[in-house]
Amino acid sequence: MNLKIINQNQTLATWKKILRSNFTQVEKLAEFLCLDADSKANILNKSKFVLNLPFRLAQKIKKNDLNDPILKQFLPTLDETHITEGFVKDPVGDSNCRSSAKLLHKYDGRVLLVTTSACAMHCRYCFRQNFDYDVSQNYKFIDELQLIAADETIHEVILSGGDPLSLSNDILRELIEKLENIPHIKRLRFHTRFPIGIPERIDEEFVNILYNSPLKTWFVLHINHPNELDDEIFSRIKRLQNIGVIVLNQSVLLRGVNDDVDTLVKLSELLVDHGILPYYLHQLDKVQGAAHFEVSEEEGLHLIREISKKLPGYGVPKYVRETEGEPNKTPI
Ligand SMILES: *Cc1c(COP(=O)(O)O)cnc(C)c1O
Ligand code: SF4
């Protein structure tokens, strides 16, 4: 009996154990960051979209500084309670392009699979924080695979969520194998922020799944500030690049986080130095509670003009907004 328990522990992947050390209670995080009474008074103690912050990211946050660019992205604050006109629950109209519980078909040629509601972290500005996730714990994707197989115009499947890397390797392997059996599917894409919080997720088994897949695989990471990055993260990403995965990054333009030329230039340089292409800089989606993150499009355009003077052409992301009903992300 003892032996069985030991085996179970051994098979629990390292990254799942690490995930358990995430901060999920604001009091504990406040203590860890030595926040003073004034700062603590700004914390929103009860939020529906709860605190979720990997320990490793928390270690990069400056002590007692609510303006830290990482902390700003993850700490629930009273700012979220302000009601701002135009900021709504579903700002991008996801609910109108839902073909099934887990499939979004908004743009030609590609579909987005909402694989899970779980993430390695909770970003306060997340446009999908109110999404009515299918939380049935059914990871067979039967309806979705049927819809994809029936539509020959679809060539790419985007695994998103939530964060697709929240799923186990077994679930991902099964899903990918089923996608491989659909002849018109050529490309597989992951939209993930997991490696920033728990880079250990890019483990050998996962890399092998992708290595063995005939699908061309793309990764779109989500990094907003250079402080989120470090050598361990780059070395895990390199394992993907080594097997031919193309790695891109998307950022959201966020007030007080990355709304300045130096930060955006530093981020792009760090990315391209590691072979990661800056893909999109997103205008904030107007989700309820995130108005304090908004940067005007005028400011955003100014930032793009300024960083263009300092970066190689491939280091400048496309500045886009998502407008309901448009056939693609709209360049600003
Ligand atoms: C953003 C998005 C995509 C991908 O768009 P690309 O411009 O190809 O990166 C696909 N489906 C949905 C629903 C999206 O929101
Ligand atoms: S990781 Fe992505 S899906 Fe998850 S909360 Fe952050 S922005 Fe939203």
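Predicted, not measured: the structure shown is a model, and the values here were computed from it.

Reading the values: the criteria
Residues numbered from 1 in each chain as written. Chains lettered and ligands numbered in written order. Predicted model: local features only at pLDDT ≥ 70, side-chain atom pairs only at ≥ 80, totals over all residues. Heavy atoms only, no water. Helix = DSSP H or I, 4+ residues; strand = E, 2+ residues; numbered from the N terminus. Rg over C-alpha atoms; globule rule 2.2 N^0.38 Å. Buried < 20%, exposed > 50% of the residue type's maximum accessible area, 1.4 Å probe, protein only. Contact = heavy atoms within 4.5 Å. Areas by Shrake-Rupley, 256 points an atom, 1.4 Å probe, with all protein chains shown as cover. Lys, Arg positive; Asp, Glu negative; His and termini not counted. Charge placed at Lys NZ, Arg CZ, Asp CG, Glu CD. Near = heavy atom within 4 Å. Nonpolar A, V, L, I, M, F, W, Y, C, P; charged D, E, K, R; others polar. Salt bridge = Lys/Arg side-chain N within 4 Å of Asp/Glu carboxyl O. Pairing = 2+ DSSP bridges. Right-handed = clockwise from strand over helix to strand, strands pointing away. Polar contact = N/O pair within 3.5 Å; in protein donor to acceptor, adjacent residues only side chain to side chain. Arc of directions from axis to C-beta. pLDDT = per-residue confidence, 0-100. Domains from an automatic or database assignment. Buried area = accessible area lost by both parts, 1.4 Å probe.

(A) Inspection of the overall build of the protein chain at higher detail. Scanning the protein chain from N- to C-terminus turns up 13 helices and 10 strands. Computed over the C-alpha atoms, the radius of gyration of the protein chain is 20 Å, within 12% of the 20 Å expected from 2.2 N^0.38 for a compact globule of 332 residues. Dimensions of the protein chain, computed from C-alpha atoms along their principal axes, come out at roughly 55 × 55 × 40 Å. Relative to its full complement of 332 residues, the protein chain shows a buried share of 51%. Summarising the internal contacts of the protein chain: among those between residues at least 6 apart in sequence, 81% fall at separations of at least 24. Entry remark: accessible area of the protein chain is about 16,000 Å², with carbon and sulfur atoms responsible for 50%. Here the protein chain contributes 41 positively and 46 negatively charged side chains, and the mean placements of these two sets differ by 4 Å.

(B) Quick peek at the site of ligand 2. Close contacts around ligand 2 come from F49, C119, M121, H122, C123, C126, G162, R193 and H222, and that covers them all. Tallied by class, the residues present in the shell around ligand 2 amount to 5 nonpolar, 3 polar and 1 charged.

(C) Geometry of the pattern of salt bridges. The full count for this structure, using the stated rule, is 23 salt bridges. For D230, the salt bridge identified is with R56, shortest N-O distance 2.5 Å. One end of the pair, D230, is in the loop between β6 (216-222) and α11 (231-242); the other, R56, is in helix α5 (residues 55-58), and 174 residues separate them in sequence. Just as D230 is buried, R56 falls in that class too. Between R128 and D94 there is a salt bridge, and its shortest N-O distance comes to 3.0 Å. Highlighted residues: R128 in the loop between β3 (110-114) and α7 (142-150) and D94 in the loop between α6 (71-74) and β1 (98-100), separated in sequence by 34 residues.

(D) Highlighting the pairing of β6. Within β6, 5 of the 7 residues are buried, which leaves the element mostly enclosed by the surrounding structure. Note: strand β5 (residues 187-192) against β6, 6 bridges, orientation parallel. Residue pairing across strands places H191 opposite V220, the latter belonging to β6. Of the strand pairs in this sheet, β6 and strand β7 (residues 246-252) are connected by 5 bridges, and their pairing is parallel. Bridging across to β7, L221 finds its partner in N249. The parallel pair β6 and β7 is bridged by α11, and the resulting crossover is right-handed.

(E) The site of ligand 1, seen in detail. Inspection of the region around ligand 1 gives K106, Y107, R110, L112, I158, R189, Y279, Y280, E322 and K329 as its neighbouring residues. In the environment of ligand 1, an oxygen atom lies 2.6 Å from a nitrogen or oxygen atom belonging to the side chain of R110. Within the side chain of Y279, one N or O atom sits 2.7 Å away from an oxygen atom of ligand 1. Protein chains shield 94% of the accessible area of ligand 1, which is 390 Å² for the free molecule. Of all the secondary-structure elements, those providing two or more residues to the shell around ligand 1 are β2 (103-107), β3 and β8 (277-282). Class assignment for the residues of the shell around ligand 1 results in 5 nonpolar, no polar and 5 charged.

(F) The arrangement of helix α10 (residues 204-211) in detail. Residues of α10 that are buried include every one of F206, V207, I209 and L210, and no others. Axial view of α10: buried residues confined to an arc of 155°, hence all on one face. The exposed set on the far side of α10, more than 90 degrees from its buried face, consists of E204 and Y211.

(G) Molecular detail of the environment of E324. Assignment of secondary structure puts E324 in the loop between β9 (318-321) and β10 (330-331). On the basis of relative accessible area, E324 is assigned to the partly exposed category, the value being 43%. Separated by 258 residues in sequence, E324 and L66 place their C-alpha atoms 33 Å apart.

(H) The side chain of R56, seen in detail. Polar contacts involving the side chain of R56 include one to the side chain of D230, which spans 2.5 Å. Not counting chain neighbours up to four residues away, the residues in contact with R56 comprise I196, G197, P199, E200, D230, E232 and I233.

(I) Representation of the confidence of the model for the protein chain. For the protein chain, the mean per-residue pLDDT works out to 95, and 97% of the residues sit at or above 70. Segment residues 1-7 is flagged for pLDDT under 50; beyond a separation of four residues in sequence, or across chains, it makes 0 contacts in the model.

(J) Inspection of the domain arrangement of the protein chain at higher detail. Here the protein chain is described as being made up of domain 1 (16-81) and domain 2 (94-331). Using only C-alpha atoms to locate each centre, domain 1 and domain 2 end up separated by 24 Å. The interface of domain 1 with domain 2 comprises 24 residues on the first partner and 32 residues on the second. Across the domain 1/domain 2 interface, buried area totals approximately 2,300 Å², and carbon plus sulfur atoms make up 57% of it. Sorting the residues of domain 1 by area buried against domain 2 places F49, R56 and Q73 first, and these three jointly supply 32% of that buried surface. Between the two partners, domain 1 and domain 2, sit 3 salt bridges. A salt bridge links D230 to K60, with the nearest nitrogen and oxygen atoms 2.5 Å apart. Linking domain 1 with domain 2 are 14 residue pairs in polar contact (both at pLDDT 80 or more). At the level of secondary structure, the elements contributing two or more residues to the side of domain 1 that touches domain 2 comprise α2 (14-19), α5 and α6.

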